[in-house]
Every structure is written in C-alpha cells, then in structure tokens.
Number of protein chains: 2
Amino acid sequence: MKVVALAGGVGAGKFLRGLVRAVPPTDVTAVVNTADDMTLHGLRICPDLDSVTYWLAGLADRDRGWGRAGESFRALEEVRGLGGPAWFGLGDLDLGAHLVRTGWLGEGASLSEVTARLTAALGVGVRILPMSDEPVATVIDSMDDDGSGRTDPFQVYWVKRGARDEVKGVRFEGIARARPAPGVLEAIEAADAIVVCPSNPVVSVAPILAVSGVRDAVAARRERAAGVSPIVGGAPVAGMADRLMPAVGLEVSALGAASAYRGLLHGWVVDERDADLAPRIENVLGMRVAVTDTIMTDDAVAERVATAALELATG
Amino acid sequence: MKVVALAGGVGAGKFLRGLVRAVPPTDVTAVVNTADDMTLHGLRICPDLDSVTYWLAGLADRDRGWGRAGESFRALEEVRGLGGPAWFGLGDLDLGAHLVRTGWLGEGASLSEVTARLTAALGVGVRILPMSDEPVATVIDSMDDDGSGRTDPFQVYWVKRGARDEVKGVRFEGIARARPAPGVLEAIEAADAIVVCPSNPVVSVAPILAVSGVRDAVAARRERAAGVSPIVGGAPVAGMADRLMPAVGLEVSALGAASAYRGLLHGWVVDERDADLAPRIENVLGMRVAVTDTIMTDDAVAERVATAALELATG
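Because the structure is a prediction, the values reported are computed rather than measured.

Student: Tell me about empty space enclosed by the protein, and name the residues and values.
Tutor: Evaluated as defined, the whole model comprises 3 cavities of 30 Å³ or more. Approximately 50 Å³ is the volume found for the largest cavity. Classifying every residue of the lining of the largest cavity gives 5 nonpolar, 1 polar and 1 charged.

Shown next, in the form of structure tokens:
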C-alpha cells in the first residue's frame with residue numbers, strides 16, 4: 001500500500017515511526033513543510049525536514065521532543081559568548097546536517113537532492129520530499145504587549161519570542177512561485193492512502209497544501225485521505241498551535257483542526273478525550289471519525305494511530 | 001611604543017603572546033593574512049585571524065598547535081557520516097566563531113568590523129586587522145604524483161592534500177582589487193616598530209605585502225622594521241613552508257626566508273642553530289641579525305624573541 005504523509009515536524013516524526021510499523025517504509029512518501037526553514041549564520045536550516053529525518057532514523061530526542069538525542073551545544077554557547085544570535089537551539093550534532101546541506105545547496109544541488117542524500121546516509125527508508133525546492137517563508141504579523149505591530153519570520157515569532165505576540169495574520173512568502181518538489185504530485189496521485197500527520201494545521205500543513213497543485217491533488221483523492229488531530233482536549237499535544245489557530249479562524253479543538261481540511265479529507269482521527277466531538281465532525285464536516293489514544297508516548301501507540309488513519313483513508 | 005606585526009597563523013600567535021609581554025597589548029596592531037580564508041559549508045572561515053585571536057585570548061591548543069584548547073569535533077563527525085567534506089578540522093568551539101562571523105558578514109558588516117567585535121568579545125587587547133576587507137584567495141598551481149596539473153584553493157592543497165603536490169606557482173586571486181583594511185596603512189606609518197612574525201613568507205606574509213600600498217608603506221619604514229625567521233635549521237618550525245619556498249625561488253633556510261624581505265626589513269632574528277648564517281644575511285641582504293632561541297615553547301621564550309625583534313627594529 002503506497003502512502004503519502006503530509007508532515008510538519010515533531011508530531012509528524014512520532015507518527016511516521018508508527019506508520020512504518022504498519023506499512024513498509026519504502027511504501028511511504030513524506031511530503032514535508034519547508035515554510036519555516038530559515039537561514040541563520042549563513043546556514044540553511046530546515047527544522048521540519050530534520051525533525052522527520054531524525055525521528056525516522058532513530059536519532060531524535062524523545063524526552064526533549066526536538067533535536068538529536070545525546071546532543072551538545074558547545075558551538076551555540078560560543079556563539080552566545082561572542083555576542084551572536086543564540087536564540088535558536090543549534091546543537092553540535094544537528095549542525096552537521098546544516099553544514100552539509102548548506103554546502104551542497106551552494107554547489108547547486110536542489111533541496112530534494114540534498115534531502116535524498118541526507119536520508120540515504122542515515123538509512124531512512126521512507127522517501128522524504130520537501131514540499132518544494134523553492135524557498136517559502138512563513139511570516140507572522142502580530143501585535144506585541146505594547147500594542148505595536150510586528151512582522152517576524154516564523155522562527156523568530158515561534159522560538160525567539162516564544163509565540164507571545166498576538167497573531168494577526170500568517171503569510172507564506174514565495175508560495176505563489178513555489179512549485180511542488182519533483183515527485184510530490186505524482187506520489188499523491190498514485191497513493192493508496194494520504195494521511196495528514198498530527199501537525200500544526202496553520203503553519204505546518206497549510207503551506208504544503210498551498211503549494212501549487214497540491215491542494216487540488218489531495219482534494220481529488222479525498223476518498224483516500226485522512227488526518228490525525230494535533231489538538232487533544234482543546235490544546236496542542238506539542239507546540240503552540242493554540243496561539244495560531246484563532247488568528248485564522250480555527251477553534252482550538254479537534255473539530256477546529258479538522259475544519260482546516262474541509263473538503264480534503266475523508267476521515268479524522270481524534271483522541272479518546274475528544275470522543276464527544278465525533279458526531280459534530282461527522283455531521284458538520286462530513287468526515288468519518290476514529291477515536292483512539294493519540295498521545296504517542298511510544299512507537300506502539302503511534303502504530304495504532306497510524307493504523308486508525310490508514311483504515312479511515314482506505315475504508 | 002606602537003608596534004605593527006604582520007602575521008600569519010600559529011607562529012604569529014605564539015610570537016604575539018610574547019610581544020604583549022614586552023609592550024602593552026593596546027600598543028600592538030596585528031595585520032593578519034586573509035588570503036587562505038575560505039568558504040566551506042557556506043561558512044566564512046579565516047584560519048589566520050582565528051589563530052591569532054585564539055592565541056592572544058589564551059584559547060589556543062598549544063599541544064596540537066592549531067585550533068581551540070578543549071576542542072571537540074562532534075559536528076565534523078556528523079558531516080563525515082552524512083557524506084559531506086570533512087577534511088578541514090572544524091571544531092565545535094571553533095564553529096562558534098565561523099557561525100557568528102558568517103552571520104554578521106551576511107548582515108553587511110565588513111571583515112574588519114566582524115574581527116573587532118570578535119576580539120572585543122574575547123577580551124583581546126591587541127588590535128587585530130585583516131589585511132583587507134576584500135576577499136583574496138591563494139591558489140596553488142601544482143603537479144600531482146601522476147604528473148597531472150592541478151589548481152587548488154590553498155586549504156585544499158595544504159590540508160586536504162597535505163601539501164604533497166609539487167608546487168609550480170602561487171597566486172593571490174583578487175589581490176589587485178584588494179584595498180588595505182581601514183587602519184592598516186595608518187598603523188604602519190605611525191609605528192615605532194614593524195615586526196614580521198615567524199610566519200610562512202610565501203603564503204602568509206607575501207599576501208599582506210601584496211595588498212595595494214602595504215609593501216611601499218613597510219619599505220618606507222625599513223629602518224624600523226625587523227622580522228623573525230620561520231625557518232630553523234633548514235626546516236619550518238611548523239607547517240610545510242619547505243614545500244612552498246622553493247617554488248618561488250626561496251632557499252629553505254633562515255637566509256632564504258630573509259631574502260623574501262629584501263629591501264623591506266632592517267633586522268632579522270634567527271635561531272641559535274642558524275648562527276652561522278648571520279654573516280651572509282648581513283652581507284647579502286644588508287640586515288642586522290640577532291641570534292636567539294626562537295623555538296617558542298612558552299610565552300617567556302616568545303617574549304625574548306619579541307624583544308630581540310623590537311631591539312633590531314628600533315636600534
């Protein structure tokens with residue numbers, strides 16, 4: 001069974017570890033958000049691509065959630081001591097990927113090619129595709145505590161300022177020119193199942209769907225498409241999606257998250273805590289709902305979540 | 001006493017630690033070679049600027065000679081594992097400086113400004129100036145073991161290929177457009193003493209002198225200028241200068257090294273092992289010679305070497 005997963009970062013990584021227990025990794029294509037990529041210190045940093053890669057390679061730090069297990073931060077502490085920007089948690093191991101990626105991009109390789117080389121080197125069987133080889137940059141328009149307007153690159157809003165500003169708008173700069181990376185549309189068209197990972201609908205999945213042709217390709221396969229709610233009990237399982245969803249008119253609930261995919265998905269997996277929302281999701285959005293434990297504390301739970309999503313997508 | 005030191009990397013760093021025991025650090029301006037700088041993994045790397053900075057800040061690894069004491073190489077091992085270029089010894093601590101420098105350069109700061117910020121952050125009292133804010137790149141034309149011609153950036157020749165190719169020529173690309181960094185000519189003109197550090201005459205000091213106006217400025221102050229031989233007993237104290245000097249017609253000796261500065265220096269410090277060369281240096285090159293122990297195993301030795309050079313320069 002060929003499966004395409006639309007993926008953000010950590011939540012997607014955990015989910016994909018379960019998915020590759022349910023189907024062979026080589027049957028899975030992960031299409032990953034690149035709109036929160038950034039260039040820092042001259043290095044090209046792709047947080048979601050790296051999160052998904054590290055989780056699938058077994059290198060992720062499950063306790064901290066982000067980054068590499070056994071990570072150290074010696075270079076970052078030097079940056080701090082030298083007066084450079086040290087708000088982004090670049091680990092020494094993580095730097096290896098950024099260095100290699102930046103070097104290869106500088107030599108003219110596409111992000112797809114770089115990603116293929118990195119995942120091959122780490123023995124990842126899943127095909128990981130960036131949503132696009134062209135740069136797209138999420139920009140957050142917001143208002144700070146003093147009532148002043150701000151416009152920040154996503155990682156500045158998210159990491160440096162801790163998502164504390166009141167979000168007024170979310171834009172994906174460059175999205176109009178971004179073409180799907182090679183293989184993205186073909187994978188969606190050929191998939192037996194399309195799954196939306198439990199990722200932030202506003203800044204992780206929305207940019208993927210906004211790449212030219214992707215939304216239509218998914219909509220055309222709606223009967224084969226399902227998603228997993230990143231919102232459990234009215235709050236994000238991880239991250240700060242609750243700060244972003246209201247700004248785009250989404251209720252912070254499993255129903256609100258599902259409504260982001262109206263007309264795109266056939267099924268929606270919610271947590272047991274949200275079982276009471278199932279009828280509304282089914283009635284209002286016309287999605288079939290599966291209820292299960294979605295807090296992926298280990299790969300076995302993630303496998304059950306993935307299986308539920310696959311059953312909805314193919315049922 | 002205002003002192004200007006023309007400096008390469010490690011030998012210069014050791015020497016400067018002695019110099020700042022002989023005169024106040026704030027009286028010293030080090031004009032540092034940047035022709036073996038390179039961009040690797042997208043990062044701007046300035047080996048000589050960093051060596052001099054690390055030595056003066058007390059952060060250098062005296063045993064290994066290059067890089068930071070207490071260094072680790074976790075990022076580099078990741079780069080190797082991911083299939084990236086791992087031939088250049090980028091340490092995790094060292095990366096901090098490269099990251100900060102690359103970021104600030106990207107924001108539009110000049111290399112002089114970046115260097116001033118880095119040295120201030122590390123509490124270095126010596127004013128460290130790059131020879132130029134414009135990039136200059138040493139290129140080595142050579143012949144490999146198979147008799148094939150090669151053209152390599154300096155660090156590729158030096159580090160990646162271990163200086164094993166037969167050097168046919170040395171070029172400094174961009175040198176014609178390179179202007180002296182702000183303050184370089186003024187410092188030379190105002191100096192009470194100009195000292196050439198025990199650095200490679202072919203690839204460390206020659207590029208500095210080749211920057212527009214620098215050679216003439218030093219020549220105009222010849223009576224105040226002295227140098228320290230980087231060659232002792234017919235071999236470099238460190239590095240592989242013996243592989244480069246013959247290619248430009250310099251004998252690998254304290255005399256040969258001195259001859260690189262014919263007409264520029266008033267005095268030359270040689271090691272006790274080379275005392276027999278003193279008469280020829282004095283007769284052939286017209287330099288006054290001081291003989292002392294120049295193997296700078298500690299700062300006290302370096303101070304005696306610096307004092308000898310200052311006495312020649314000002315005597």
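Student: Help me get a handle on the state of the cysteines, residues and values and all.
Tutor: The full count for this structure, using the stated rule, is 0 disulfides over all chains. Summary of cysteine pairing: C46(A) is not part of a disulfide, and the nearest cysteine sulfur, belonging to C197(A), is at 17 Å.

Student: Please set out the packing of helix α1 (residues 10-22) of chain A against helix α13 (residues 299-314) of chain A residue by residue, giving values where relevant.
Tutor: Residue and element names in this part refer to chain A. Two elements in contact, α1 and α13, have axes whose closest approach is 7 Å; the angle formed by their N-to-C orientations is 75°. On the basis of the axis angle, α1 is roughly perpendicular to α13. In this structure, α1 uses K14, F15, R17, G18, L19, R21 and A22 to contact α13, whose residues at the interface are D299, A300, A302, E303, V305, A306, T307, A309 and L310. Of the residues in the contact of α1 with α13, the class split is 9 nonpolar, 2 polar and 5 charged.

Student: So what's going on with the relation of the copies chain B and chain A? Which residues, and what values?
Tutor: Expressed as a screw operation, the relation of chain B to chain A combines 0.0 Å of axial shift with a rotation of 180°, fitting to an RMSD of 0.0 Å. A rotation of that kind, with that shift, is consistent with a two-fold axis. Interface overlap between copies: 100% of the residues of chain B at the interface are likewise at the interface in chain A, consistent with a symmetric, same-surface contact.

Student: Mind laying out the sheet that holds strand β5 (residues 127-130) of chain B, listing which residues take part and the relevant values?
Tutor: Strand pairs in the sheet, formed through backbone hydrogen bonds, run parallel or antiparallel to each other. Residue and element names in this part refer to chain B. Strand order in this open sheet of 7 strands is β5-β2-β1-β9-β10-β13-β14, and the pairing throughout is parallel. Strand pairing shows two members of the sheet lacking a second neighbour, β5 and β14 (288-292), which therefore form its edges. Sheet twist, expressed as the mean angle between neighbouring strand axes with direction ignored, is 20°.

Student: Please give an account of the interface of chain B and chain A that cites residues and values.
Tutor: By convention, interface size is frequently given as the accessible area that disappears when the constituent parts associate. Between chain B and chain A, the contact holds 28 residues from the first and 28 residues from the second. Around 2,300 Å² of area is buried between chain B and chain A when both sides are counted, 68% of it from carbon and sulfur atoms. On the chain B side of the interface with chain A, the three residues burying the most area are R74(B), L82(B) and L99(B), jointly 29% of the side's total. Joining chain B to chain A, the criterion identifies 2 salt bridges. Residue R68(A) pairs with E78(B) through a salt bridge whose shortest N-O separation is 2.8 Å. The interface formed by chain B and chain A includes 7 residue pairs in polar contact (both at pLDDT 80 or more). Elements with a minimum of two residues in the side of chain B that touches chain A: α3 (74-81), α4 (92-106) and α5 (111-121) of chain B. By residue number, the principal contributor to the side of chain B that touches chain A is α4(B), which donates 10 residues. Residues belonging to the side of chain B that touches chain A are distributed by class as follows: 13 nonpolar, 10 polar and 5 charged.

Student: Can you tell me about the sheet that holds strand β9 (residues 193-196) of chain A, naming the residues and giving the values?
Tutor: All names here are of chain A. Across the sheet, which stays open at both edges, the 7 strands sit in the order β5-β2-β1-β9-β10-β13-β14 with parallel pairing between neighbours. At either margin of the open sheet sits one strand with a lone partner, and together these are β5 (127-130) and β14 (288-292). Between one strand axis and the next, the sheet turns by 20° as a mean value, whatever way the strands run. Where β9 meets strand β10 (residues 225-228), 3 bridges bridge the pair, whose relative direction is parallel.

Student: Can you tell me about the domain arrangement of chain A, naming the residues and giving the values?
Tutor: Residues and elements named next belong to chain A. Looking at chain A, the domain boundaries give domain 1 (1-133 + 187-315) and domain 2 (137-176). Summarising the inter-unit geometry, the C-alpha centres of domain 1 and domain 2 are found 21 Å apart. In this complex, domain 1 contributes 21 residues to the contact, which on the side of domain 2 involves 19 residues. Contact between domain 1 and domain 2 buries roughly 1,600 Å² in total, counting both sides, with carbon and sulfur atoms accounting for 72%. Ranking the residues of domain 1 by area buried against domain 2 places W87, M240 and R243 at the top, with a combined share of 37%. The interface formed by domain 1 and domain 2 includes 0 salt bridges. Our count for the contact surface shared by domain 1 and domain 2 stands at 5 residue pairs in polar contact (both at pLDDT 80 or more). For the side of domain 1 that touches domain 2, the secondary structure elements donating two or more residues are α8 (201-210) and α10 (241-244). Looking at which element gives the most residues to the side of domain 1 that touches domain 2, the answer is α8, with 5 residues.

Calculation notes
Residues numbered from 1 in each chain as written. Chains lettered and ligands numbered in written order. Predicted model: local features only at pLDDT ≥ 70, side-chain atom pairs only at ≥ 80, totals over all residues. Heavy atoms only, no water. 1 Å grid on protein atoms, 1.4 Å probe; cavity = no way out; pocket = protein on both sides within 12 Å on 5 of 7 lines; lining within 4 Å. Points joined across faces, edges and corners; volume = space filled by probe spheres on them. Nonpolar A, V, L, I, M, F, W, Y, C, P; charged D, E, K, R; others polar. Disulfide = S-S within 2.5 Å. Axes fitted to C-alpha atoms, helices over the stretch in contact; angles between N-to-C directions. Helix = DSSP H or I, 4+ residues; strand = E, 2+ residues; numbered from the N terminus. Parallel < 35°, antiparallel > 145°, perpendicular 65-115°, else oblique. Contact = heavy atoms within 4.5 Å. Least-squares fit on C-alpha atoms with pLDDT ≥ 70 in both. Pairing = 2+ DSSP bridges. Buried area = accessible area lost by both parts, 1.4 Å probe. Salt bridge = Lys/Arg side-chain N within 4 Å of Asp/Glu carboxyl O. Polar contact = N/O pair within 3.5 Å; in protein donor to acceptor, adjacent residues only side chain to side chain. Domains from an automatic or database assignment.

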